[in-house]
Structure formats: structure tokens, C-alpha cells
Amino acid sequence: MSISSRFSVGIHLLALIEINKNGVSTSEFLAGSVNTNPAVIRKIMGMLKNAGLVIVRPGVAGAELAKELSDITLFDVYKAVNVVQENELFALHDNPNPECPVGKNIQNTIEPIFTSAQLAMEKVLSSLTLEDVVKDIASKENIC
């Protein structure tokens, strides 16, 4: 099982809104780039709006970023789209056999490892901004 694609789609949407800032970023336009249904885009855009990352107005076509690119971290996007609940990136299996030495100890042995791994990933995401993503795309596409 992988992290929900809402995370990569959220990054995609924010980057496209920035790159298309002189155009109108409707849900249909955004959906065309993601290659999905506009309803999926509207749902994710609602999550990004609730997190204060985009501005969308009912009845007005288009969206814009609510913050500067350098002020939106990938961790902000990760949290906005509800990829996982806090400290639940890795799930522990239920009901291991308490009569088995491994079953009896596995959860309290691996839980701190899982927590450390999640914190490390979140630290990396916090150190990268949407500006980093847009600059990379722009350099690959020779966009000014």
C-alpha cells in the first residue's frame, strides 16, 4: 500500500496554478493536466483551500495560491490532503500472538522505529517548498 495519490496530485495542482498564474486554472483545466475527473480536483482543491494554501471563490472560475511559493512546504501539502493521521503512516498489525516471543514483543519493538521513520520523512518534506518544485519543472521545460 502506498501513500494516497492526493499528495502528489496536491503538489501537481499547486505547481500548475503557479505556472499558469496568468491564465485561469479551472477544475477542468487542472483535471486535464492530472488526467482525472474535475470532481476529484474539486475535492482536493477544497482540502487545499481549507488548509489556506489556495483561494477559490464559489461561482468564479479559477484558483490562485494563497501564499508565496517559498512559504508552502511539501509537508503543508501532505497535511492538507489528509494522507495519514498523525503518527500513523505505518500501521501495526492487530492481535499478534501473546504466547509467541515475537508476537508478544513485536509491536513495542517496531513502533519507535516507525515513529522515527515518519518523523524523518516529515522533516524532509518540511525542508522542501513548492518553489523548489516549480523551479525544477521550469528548468526542465525552459519556462521563465
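These lines cover the structure that appears in this document, whether it is placed above or below. Position labels on residues start from 1 in each chain and follow its written sequence. With the structure being a predicted model, the display of local features is reserved for residues of pLDDT at least 70 and the display and counting of side-chain atom pairs for 80 or more, all residues being used for whole-chain, interface and lining totals. As a rule here, side-chain values cover all heavy atoms of the structure and leave hydrogens and water aside.

Concerning the overall build of the chain
The numbering of helices and of strands both runs from the N terminus, where a helix is a DSSP run of H or I of at least 4 residues and a strand a run of E of at least 2. The secondary structure content of the chain amounts to six helices and two strands. Put simply, the chain runs from its N terminus to its C terminus through helices and strands in the order α-α-α-β-β-α-α-α. C-alpha atoms define the radius of gyration, and 2.2 Å times the number of residues to the power 0.38 defines the globule rule. In terms of overall size, the chain is more extended than a compact globule, its C-alpha atoms giving a radius of gyration of 19 Å where 144 residues would be expected to give roughly 15 Å. Residue exposure (1.4 Å probe, protein chains only): buried if accessible area is under 20% of the type maximum, exposed if over 50%, otherwise partly exposed. Residues classed as buried in the chain amount to 33% of the 144 residues present. Two residues qualify as a contact provided that any one of their heavy atoms is within 4.5 Å of a heavy atom in the partner residue. For the chain, the share of sequence-separated contacts (at least 6 apart) that also reach a separation of at least 24 residues comes to 62%.

Regarding helix 2 (residues 27–34)
Within helix 2 the residues assigned to the buried category are S27, L30, A31 and V34. Across the axial projection of helix 2, the buried residues extend over an arc of 100°, all falling on one side. Looking at the buried side of helix 2, the elements it contacts are helix 1 (6–19) and helix 3 (38–50). Looking one or two places after helix 2, you find N35, whose phi comes out positive at around 65°. When we speak of the arc, we mean the arc of directions from the helix axis to the C-beta atoms.

Quick notes on the pattern of salt bridges
Salt bridge, as applied in this entry: a Lys or Arg side-chain nitrogen positioned within 4 Å of an Asp or Glu carboxyl oxygen. One pass over the full model with this rule turns up five salt bridges. As a salt-bridge pair, R57 and E64 come within 3.6 Å of each other at their nearest N and O atoms. A salt bridge links K135 to E131, with the nearest nitrogen and oxygen atoms 3.9 Å apart. Of the two residues, K135 and E131 are both situated in helix 6 (residues 130–141); the distance of four residues between them amounts to about one turn of the helix.

Observations regarding the packing of helix 2 against helix 3
Running from N to C, helix 2 and helix 3 point in directions that differ by 105°, and their axes come no closer than 8 Å. The orientation of helix 2 with respect to helix 3, classified from their angle, is roughly perpendicular. Along the contact surface, helix 2 presents S27, E28, L30, A31 and V34, while helix 3 presents P38, I41, R42 and M45. Classifying every residue of the contact of helix 2 with helix 3 gives six nonpolar, one polar and two charged. Angles here are taken between N-to-C directions and fall from 0 to 180 degrees, while the axes themselves are lines fitted to C-alpha atoms, restricted in helices to the stretch in contact. Reported orientations rely on four angle classes, namely roughly parallel under 35 degrees, roughly antiparallel over 145, roughly perpendicular from 65 to 115, and oblique for the rest. Residues are grouped as follows: Ala, Val, Leu, Ile, Met, Phe, Trp, Tyr, Cys and Pro are nonpolar; Asp, Glu, Lys and Arg are charged; all remaining types, including Gly, are polar.

Points about a nonpolar patch on the surface
In this analysis, a patch consists of residues with relative accessible area above 30% that form no salt bridge, clustered at 9 Å for like charges and at 5 Å for the nonpolar side chains Val, Leu, Ile, Met, Phe, Trp and Tyr. Residue burial considers only the protein chains on display, and all accessible areas are found by Shrake-Rupley using a 1.4 Å probe. Together, I19, I137 and I143 make up a nonpolar patch on the protein surface, roughly 200 Å² of accessible area in all. Inspection of the secondary structure puts I143 in the segment after helix 6.

Topic: the layout of surface pockets
Where empty space is left in the structure can be found by rolling a water-sized probe over the atoms. Each pocket or cavity is described by its volume, and for the largest pocket that value is around 240 Å³. Note on definitions: the grid is 1 Å and covers protein atoms alone; a cavity is a set of points where a 1.4 Å probe fits but cannot get out; a pocket is an open set with protein on both sides within 12 Å along at least five of seven lines; lining residues have an atom within 4 Å of a point. Taken together, 14 residues form the lining of the largest pocket, with S27, R42, V56, V60 and G62 sitting closest to its centre. At the level of elements, helix 2, helix 3, strand 1 (54–57) and strand 2 (60–65) are the ones that each hand at least two residues to the lining of the largest pocket. The element that contributes the greatest number of residues to the lining of the largest pocket is strand 2, accounting for four residues. Looking at the lining of the largest pocket, its residues break down into six nonpolar, five polar and three charged. Grid points are joined across faces, edges and corners, and a volume is the space filled by probe spheres set on the points.

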